[in-house]
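Residue strings, one per chain:
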Amino acid sequence: MEKTLLLIKPDGVKRGLVGDVLARVERKGYTIGALAMVNATEDLLGEHYVEHREKPFFPELVEYMTAGPIVAAIIEGARVVEGIRSLCGSTEPTAAAPGTIRGDLGRDWGNGQIENIVHSSDSVESAEREISLWF
Ligand code: IDP
Ligand code: MG
């Protein structure tokens with residue numbers, strides 16, 4: 001069975017959106033295979049965001065992702081990687097389509113960060129790699 005990693009980022013946890021996000025995943029019909037609350041370290045984030053590690057925004061991203069606990073979930077189902085990416089919506093919450101998690105629940109807070117509530121794996125290979133980091 002295909003698996004993906006879904007993270008509810010610190011802004012989502014702080015704003016009390018864990019239930020809403022997980023309810024959307026369940027209503028869509030996918031299975032929650034594992035759940036954990038994790039405080040990310042810079043080392044973990046460097047591995048997780050390996051493609052962004054050298055980018056200028058990486059220090060801000062670390063600050064954002066270490067601002068509080070993260071809820072990590074393994075979600076299971078046929079074509080779940082694609083399905084959860086679609087449920088999350090595009091990266092910038094202002095532009096993300098209504099109906100998606102980022103489009104419905106996120107906004108720009110004017111602090112220069114892209115606070116977008118969730119992360120989801122972008123391919124089956126990324127999902128396998130990311131799941132092994134967080135679980
Ligand atoms: P994704 O989460 O939709 O896959 P990516 O481009 O892979 O988006 O970026 C990973 C995360 O890094 C984003 O979700 C966002 O939190 C953050 N991010 C991306 N681009 C920027 C930026 O230009 N400034 C600040 N943070 C960014
Ligand atoms: Mg990405």
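Values in this document were obtained by computation on a predicted structure and should not be read as measured data.

Draft legend 1. Representation of the site of ligand 1 in the model. Taken together, Lys9, Tyr49, His52, Phe57, Glu60, Leu61, Tyr64, Arg85, Thr91, Arg102, Ile114 and Asn116 make up the full set of residues adjacent to ligand 1. In isolation ligand 1 exposes 530 Å². Once the protein is present, 79% of that is buried. Top contributing element to the shell around ligand 1 by residue count: helix 4 (residues 58–65), with three residues. A per-class count over the shell around ligand 1 returns five nonpolar, three polar and four charged.

Draft legend 2. Structural detail: the pattern of salt bridges. Tallied over the full model, the rule gives five salt bridges. Here glutamate 47 and arginine 53 are joined by a salt bridge, their closest N and O atoms 3.9 Å apart.

Draft legend 3. Focus on the sheet that holds strand 2 (residues 31–38). Pairing is antiparallel in the open sheet, where four strands are placed in the order 2-3-1-4. Of all strands in the sheet, those with a lone pairing partner are strand 2 and strand 4 (118–120), marking the two edges. Each neighbouring strand pair of the sheet contributes to a mean axis angle of 20°, computed without reference to strand direction. Inspection of the sheet shows strand 1 (residues 3–8) paired to strand 3 (residues 70–76) by six bridges, in the antiparallel sense. Residue pairing across strands places leucine 5 opposite isoleucine 74, the latter belonging to strand 3. Contacting strand 1, strand 3 and strand 4, helix 5 (residues 80–88) crosses the sheet at an angle of about 25° to strand 1.

Draft legend 4. Local environment of helix 2 (residues 18–28). Taken together, the buried positions of helix 2 are Val21, Leu22, Arg24 and Val25. Down the axis of helix 2, the sector holding all buried residues measures 150°, keeping them to one side. Here the buried face of helix 2 lies against strand 1, strand 2, strand 3, helix 5, helix 6 (101–105) and strand 4. In the stretch just after helix 2, glycine 29 is the one whose phi turns positive, near 110°.

Draft legend 5. Local environment of the nonpolar core. Leu6, Val21, Ile75, Ile84 and Val118 are the most contacted members of the largest nonpolar core, which totals 19 residues. Among the elements that make up this core, the one with the highest residue count is helix 5 (four residues). If sequence neighbours within four positions are ignored, valine 21 has contacts with Leu6, Ile8, Ile101, Leu105, Ile117 and Val118. Ala40, Leu45, Phe58 and Val62 belong to the second largest nonpolar core, which has 17 residues in total.

Criteria and thresholds
- Residues numbered from 1 in each chain as written.
- Chains lettered and ligands numbered in written order.
- Predicted model: local features only at pLDDT ≥ 70, side-chain atom pairs only at ≥ 80, totals over all residues.
- Heavy atoms only, no water.
- Near = heavy atom within 4 Å.
- Areas by Shrake-Rupley, 256 points an atom, 1.4 Å probe, with all protein chains shown as cover.
- Helix = DSSP H or I, 4+ residues; strand = E, 2+ residues; numbered from the N terminus.
- Nonpolar A, V, L, I, M, F, W, Y, C, P; charged D, E, K, R; others polar.
- Salt bridge = Lys/Arg side-chain N within 4 Å of Asp/Glu carboxyl O.
- Pairing = 2+ DSSP bridges.
- Axes fitted to C-alpha atoms, helices over the stretch in contact; angles between N-to-C directions.
- Contact = heavy atoms within 4.5 Å.
- Buried < 20%, exposed > 50% of the residue type's maximum accessible area, 1.4 Å probe, protein only.
- Arc of directions from axis to C-beta.
- Core = buried A, V, L, I, M, F, W, Y, C linked by side-chain atoms within 4.5 Å.

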